[in-house]
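So you can see what is in the structure, the chains are spelled out below.
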Amino acid sequence: MSDAADQPAEDVARKVDEGALGAFASGVDTSVDYPLQVEGLEKSFGGITAVDGATFEVESGTLTGLIGPNGAGKSTTFNLITGMLKPDAGTVTFNGEDITGEEPHQIANRGMVRTFQIARELSEMTVLENMMLAPKHQRGEALWRSVMPGLRDDVREQEEELLERVWEVLDFFDIAHIAEEYAGNLSGGQRKLLEMARALLTDPDMLLLDEPFAGVNPTLEKKLLEHVHELREQGYTFLLVEHDMDLIMNNCEHVIVLHQGSVLTEGTPDEIRSNEEVIKAYLGGNV
Ligand SMILES: Nc1ncnc2c1ncn2[C@@H]1O[C@H](COP(=O)(O)OP(=O)(O)OP(=O)(O)O)[C@@H](O)[C@H]1O
């Protein structure tokens with residue numbers, strides 16, 4: 001179980017500098033205590049209210065779980081946070097700035113990304129090619145760098161840096177040895193590793209993971225979790241939607257429970273496990 005939340009911010013920041021991912025991890029911004037703040041978020045589809053005043057914060061450097069029964073509004077909340085959907089009301093604040101209604105690429109540029117399933121057309125490309133395509137919107141990238149003729153060296157330098165980083169991330173996720181493999185030939189777990197590797201290439205501070213362990217065998221699940229914990233120790237912040245309750249309870253230091261589109265309660269796994277309201281919301285399911 002994590003203890004990062006209890007550490008002073010300087011300690012977390014120091015870990016970032018010493019991180020296994022070297023220079024590229026040094027971009028993690030650990031200066032904000034609560035990088036993600038969601039306030040009164042609302043979204044309806046016709047007559048169905050999917051998100052109904054959801055309000056919560058995610059603490060820096062934590063692995064926070066977002067749980068709730070089927071239809072509670074978890075996916076819609078993720079979509080509202082990451083700009084895939086526009087809210088009817090409410091605000092999303094990231095690193096102290098209002099990002100409500102911004103486009104997904106703008107939000108990714110700010111350092112918040114979600115993992116995506118590898119699209120079918122990308123299955124016909126190799127792992128390496130998938131990685132090279134990933135960071136379409138590099139943070140800090142200035143357009144003039146790529147269009148001014150006198151600055152071609154800069155572009156080449158950027159490409160070299162990208163390739164170096166690609167190998168660094170592939171190494172980190174132990175998938176460098178399958179760099180030339182077609183993504184379509186990967187196992188479910190290897191695909192999940194690639195999805196996370198692609199997300200990490202965009203140099204985020206915060207990752208939103210939607211069911212990252214679905215269809216992953218126990219060995220790779222363990223490996224994937226180790227990577228997540230390692231990154232969290234380096235200062236990355238995670239918000240995780242996952243149906244496997246044991247996995248949430250054993251790995252998250254903070255759990256937020258959504259029910260009928262709003263936050264029913266939140267707390268440590270132990271607090272959530274013994275909460276009567278949560279048990280009721282799950283209609284007697286095992287929590
Ligand atoms: N595009 C849409 N059009 C109409 N209704 C939608 C749409 N997206 C979500 N809903 C409805 O909004 C509610 C919340 O759905 P959402 O997928 O966000 O819940 P969830 O907690 O992620 O569910 P699950 O755990 O089953 O994935 C559900 O009643 C769902 O049917």
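About the thresholds
Residues numbered from 1 in each chain as written. Predicted model: local features only at pLDDT ≥ 70, side-chain atom pairs only at ≥ 80, totals over all residues. Buried ≥ 20, exposed ≤ 12 C-beta atoms within 10 Å, placed from the backbone. Helix = DSSP H or I, 4+ residues; strand = E, 2+ residues; numbered from the N terminus. Pairing = 2+ DSSP bridges. Near = placed C-beta within 6 Å. Nonpolar A, V, L, I, M, F, W, Y, C, P; charged D, E, K, R; others polar. Axes fitted to C-alpha atoms, helices over the stretch in contact; angles between N-to-C directions. Core = buried A, V, L, I, M, F, W, Y, C linked by C-beta atoms within 7 Å. Contact = placed C-beta atoms within 7 Å. Expected span 1.5 Å × (residues − 1).

Asker: Any details on helix 2 (residues 74–81)? Residues and values, ideally.
Answerer: Summarising burial for helix 2: 6 of the 8 residues are buried, a large majority. A positive phi of about 85° marks Gly83, the residue just after helix 2.

Asker: Before we move on, could you go through the sheet that holds strand 2 (residues 48–58) and cite the residues and values that matter?
Answerer: The sheet built from 4 strands is open, its strands ordered 2-1-4-5 with antiparallel pairing. Sheet topology places strand 2 and strand 5 (97–98) at the edges, where each strand pairs with a single neighbour. Two strands pair when backbone bridges link them, and strand 1 (residues 36–45) and strand 4 (residues 89–94) are joined in this way by 5 bridges, in the antiparallel orientation. In the sheet register, Gln37 faces strand 4, and the bridge partner there is Thr93.

Asker: Describe the site of the ligand, naming the residues involved and giving the relevant values.
Answerer: Around the ligand, the neighbouring residues are Phe45, Ile48, Ala50, Gly68, Asn70, Gly71, Ala72, Gly73, Lys74, Ser75 and Thr76. Within the residue set of the shell around the ligand, elements represented by two or more residues are strand 2 and helix 2. Each residue belonging to the shell around the ligand can be placed in one class, and the counts come to 4 nonpolar, 6 polar and 1 charged.

Asker: I'd like a description of the sheet that holds strand 10 (residues 262–267), backed by residues and values.
Answerer: Strand pairing in a sheet relies on backbone hydrogen bonds. The paired strands run either parallel or antiparallel. Read across the open sheet, the 6 strands follow the order 6-7-8-3-9-10; overall the sheet is mixed. Every interior strand has two partners, whereas the edge strands, strand 6 (112–114) and strand 10, have only one. Taking the axes of each pair of neighbouring strands and ignoring which way they run, one obtains an average angle of 20° across the sheet. Pairing of strand 3 (residues 63–67) with strand 9 (residues 254–259) involves 4 bridges; the strand directions are parallel. Looking at strand 9, one finds that Gly65 is bridged to Val255.

Asker: An account of unusual backbone geometry is requested, with residue identities and associated values reported.
Answerer: Of all residues except glycine, most have a negative phi; of all peptide bonds, most are trans. A positive phi angle, close to 65°, is found at Asp203, a residue other than glycine. For Glu211, which is not glycine, the phi dihedral falls at a positive 50°. Within the element layout of this structure, Glu211 appears in the loop between strand 7 (206–210) and helix 8 (218–233).

Asker: Describe the nonpolar core, listing the residues and the values that go with them.
Answerer: Ala197, Leu207, Phe238 and Leu240 are the most contacted members of the largest nonpolar core, which has 55 residues in total. With 7 residues, the single largest contributor to this core is helix 7 (residues 188–201). Once residues lying within four places of it in the same chain are set aside, the contact partners of Leu240 are Leu63, Thr64, Gly65, Leu66, Leu209 and Cys252.

Asker: Summarise helix 7; cite the residues concerned and give the values.
Answerer: For helix 7, built from 14 residues, the straight-helix expectation of 20 Å at 1.5 Å per residue is met to within 8% by its first-to-last C-alpha distance of 20 Å. Burial of helix 7 is extensive: 11 of the 14 residues sit out of reach of the surface. Two residues or fewer after helix 7 comes Asp203, characterised by a positive phi angle close to 65°.

Asker: Tell me about the environment of Ile67, and name the residues and values.
Answerer: When you line up the elements, Ile67 lands in strand 3. A C-alpha to C-alpha distance of 6.2 Å links Ile67 and Ile256, two positions 189 residues apart in sequence. Sequence-distant contacts of Ile67, that is, excluding residues within four places in its chain, are made with Ile248, Val255 and Val257.

Geometric descriptors of this kind do not, in isolation, establish any biological role.
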